[in-house]
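Geometric and topological summary
Chain by chain, the residues run as shown.
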Amino acid sequence: MLDLAIIGGGPAGLSAGLYATRGGLKNVVMFEKGMPGGQITSSSEIENYPGSAEILSGLDFMAPWPEQCMRFGMKHSMEEVTRVTKNEDGTFIIALNGGKMEQAKSVIVCTGSTPKRANFEGEAEFFGKGVSTCATCDGFFYKNKEVAALGGGDTALEEALYLSHICSKVYLVHRRDTFRASPSTVERVKNTPNIELVLNAKVKKAYGDKMGLNGLIVVDGDGKERDIAVPGVFVFVGMNVNNSILKQEDGSFLCDVDENGNVVVDLSMRTSVKGLFAAGDLRIQASKQVVCAAGDGATAGIQALEYVNHG
Ligand code: FAD
Ligand code: NAP
């Protein structure tokens, strides 16, 4: 039986593992379906982690985190968790993709969030063939070419800036004329000559052929259509909460979640179920920052340690 199962290996999961194992908890496994690091590894840069003055890519920034946790005994199991359930004796069952089960005394859920789709015509058809949600991964394919980026939040604007260094031009398509992104980022975008703002515009459809995407048709507030002929479009329209592993067979959630599916926790990252903790982007009122996810993870790790040792 595991003392602690951590689900998700982003900043929250890795920090939870570090604090729990360094605090003395044995038998701690982090189930992370991919390489550890989380969603920040798809970011071109991180410049707001306190104490880290050098601007690094998300991938480089996260590189030392797994090694640091594993030094204290945390293990990484590269498996996808499909469901967490609670036994009558208070322990948990972690169901893994492929049918295997693990039992644990406590669980910290740190599954974060994943990029949303904008749901325009052609988005799914050309996904991976011109439509992408990761500029760091796919931007280079469009070196010296024109691309479009969709959205008005921090991700869309930061990634449009990143793309502007690789691509000849970036059309930033946003459905309103004001942005959610931080004012300093908006200012940088406005001062970048090869970013054209296409505002109050909705994507009607993406079009192309067997070879891939050829462009987007966008519609402005007056219904006027514009053809933006680009081989690449980057969709940055927010994130979905990864809470599905908490869904039980009858459709209910194992613990309380709010109306948007965010997991309800207290200041100790305790959920409504004893021994079950949640940390990072999937919890209520998350600030959705690496430093906050790491702080949550540390708190949850310390609390799990306390729970396993003293109940
Ligand atoms: P995540 O990082 O989302 O990690 C969750 C992990 O869980 C993933 O690795 C996933 O593979 C795994 N997982 C999910 N479901 C399962 C399952 N069923 N089984 C096993 N594993 C599973 N924040 C900043 O502070 N500064 C920035 O500059 C910044 N830039 C960003 C740029 C981009 C493009 C994006 C997308 C985000 C950015 N953020 C930034 C936000 C930051 O990345 C997140 O707040 C942070 O990563 C959240 O950490 P987390 O550990 O809660 O979740
Ligand atoms: P976000 O803040 O939710 O912004 C999503 C954007 O997409 C919004 O501008 C929204 O438009 C638009 N949008 C949503 N659905 C759409 C659709 N179907 N079609 C067209 N446009 C659509 O998401 P995010 O930018 O990914 O950021 C997520 C969180 O991570 C935020 O809390 C953010 O602050 C944080 N983050 C922080 C940093 C940083 O600190 N440097 C970097 C990246 C992300 P409306 O504005 O009209 O709703």
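None of these values were measured; they are calculated from a predicted model.

1. As for the overall build of the chain
For the chain, the helix and strand inventory stands at seven helices and 17 strands. Taking 311 residues into account, the globule formula puts the C-alpha radius of gyration at 19 Å, and the chain, at 21 Å, falls close to it. Judged by the C-alpha coordinates and their principal axes, the chain covers about 65 × 45 × 35 Å. Evaluated residue by residue, the chain yields a buried proportion of 49% over its 311 residues. Counted over contacts in the chain with a minimum sequence separation of 6, partners at least 24 positions apart contribute 59%. Where the 31 positive side-chain charges of the chain centre and where its 37 negative ones centre are 1 Å apart.

2. A look at empty space enclosed by the protein
The final tally for this structure, using the stated rule, is one cavity of 30 Å³ or more. Computed from the structure, the largest cavity encloses a volume of approximately 30 Å³. Contributing to the lining of the largest cavity are Gly280, Asp281, Arg283, Ala286, Ser287, Lys288, Gln289, Cys292, Ala293 and Asp296.

3. Some thoughts on helix H7 (residues 290-310)
Over its 21 residues, H7 extends 30 Å from the first C-alpha to the last, a length consistent with the 30 Å expected when each residue adds 1.5 Å. If you check which residues of H7 are buried, you get Val290, Ala293, Ala294, Asp296, Gly297, Ala298, Ala300, Gly301, Ala304, Leu305, Tyr307 and Val308. In this fold, the buried residues of H7 make contact with strand E1 (2-7), helix H1 (11-22), helix H2 (58-62), helix H3 (64-70), strand E6 (101-109) and strand E17 (276-278). Gly311 occupies a position one or two residues after H7 and carries a positive phi of about 80°.

4. Let's talk about the packing of helix H5 (residues 154-166) against helix H6 (residues 183-190)
Where H5 meets H6, the axes come as close as 10 Å, and the angle between the chain directions of the two elements is 35°. In this structure, H5 crosses over H6, and the sense of that crossing is left-handed. Counting all contacts with H5, which are made through Asp154, Leu157, Glu158 and Leu161, the residues of H6 involved are Thr185, Val186, Arg188 and Val189. Here the residues of the contact of H5 with H6 are counted per class, giving four nonpolar, one polar and three charged.

5. Brief notes about the site of ligand 2
In the vicinity of ligand 2 lie 17 residues, with Asp154, Thr155, Glu158, Arg176 and Arg180 positioned nearest. In the model, an oxygen atom of ligand 2 is placed 2.9 Å from a nitrogen or oxygen of the Gly152 main chain. Arg180 places a polar side-chain atom, nitrogen or oxygen, 2.7 Å from an oxygen atom of ligand 2. Of the residues that constitute the shell around ligand 2, the class distribution is three nonpolar, eight polar and six charged. Split by domain, the shell around ligand 2 shows at least three residues from each of two domains, domain 1 (2-114 + 239-310) and domain 2 (117-235).

6. Some details on a positive patch on the surface
A cluster of basic residues, Lys116, Arg175, Arg176, Arg180, Lys202 and Lys288, forms a positive patch at the surface. When its relative accessible area of 56% is taken as the criterion, Lys202 is described as exposed.

7. Examining the site of ligand 1
Near ligand 1 there are 30 residues, and of these Glu32, Gln39, Asn48, Asp281 and Val290 occur at the shortest range. A distance of 3.3 Å separates an oxygen atom of ligand 1 from a polar atom in the backbone of Pro11. Between Gln289 and ligand 1, the recorded distance is 3.1 Å, taken from a side-chain N or O atom to an oxygen atom. Here ligand 1, which alone exposes 1,000 Å², has 91% of that area covered by the protein. Sorting the residues of the shell around ligand 1 by element identifies H1 and H7 as the ones contributing at least two each. Considering only residue class, the shell around ligand 1 consists of ten nonpolar, 13 polar and seven charged.

Cut-off values and rules
Residues numbered from 1 in each chain as written. Chains lettered and ligands numbered in written order. Predicted model: local features only at pLDDT ≥ 70, side-chain atom pairs only at ≥ 80, totals over all residues. Heavy atoms only, no water. Helix = DSSP H or I, 4+ residues; strand = E, 2+ residues; numbered from the N terminus. Rg over C-alpha atoms; globule rule 2.2 N^0.38 Å. Buried < 20%, exposed > 50% of the residue type's maximum accessible area, 1.4 Å probe, protein only. Contact = heavy atoms within 4.5 Å. Lys, Arg positive; Asp, Glu negative; His and termini not counted. Charge placed at Lys NZ, Arg CZ, Asp CG, Glu CD. 1 Å grid on protein atoms, 1.4 Å probe; cavity = no way out; pocket = protein on both sides within 12 Å on 5 of 7 lines; lining within 4 Å. Points joined across faces, edges and corners; volume = space filled by probe spheres on them. Expected span 1.5 Å × (residues − 1). Axes fitted to C-alpha atoms, helices over the stretch in contact; angles between N-to-C directions. Left-handed = near helix turned anticlockwise from the far one by under 90°. Nonpolar A, V, L, I, M, F, W, Y, C, P; charged D, E, K, R; others polar. Near = heavy atom within 4 Å. Polar contact = N/O pair within 3.5 Å; in protein donor to acceptor, adjacent residues only side chain to side chain. Domains from an automatic or database assignment. Patch = residues over 30% accessible without salt bridge, like charges linked within 9 Å, V, L, I, M, F, W, Y side chains within 5 Å. Areas by Shrake-Rupley, 256 points an atom, 1.4 Å probe, with all protein chains shown as cover. Salt bridge = Lys/Arg side-chain N within 4 Å of Asp/Glu carboxyl O.

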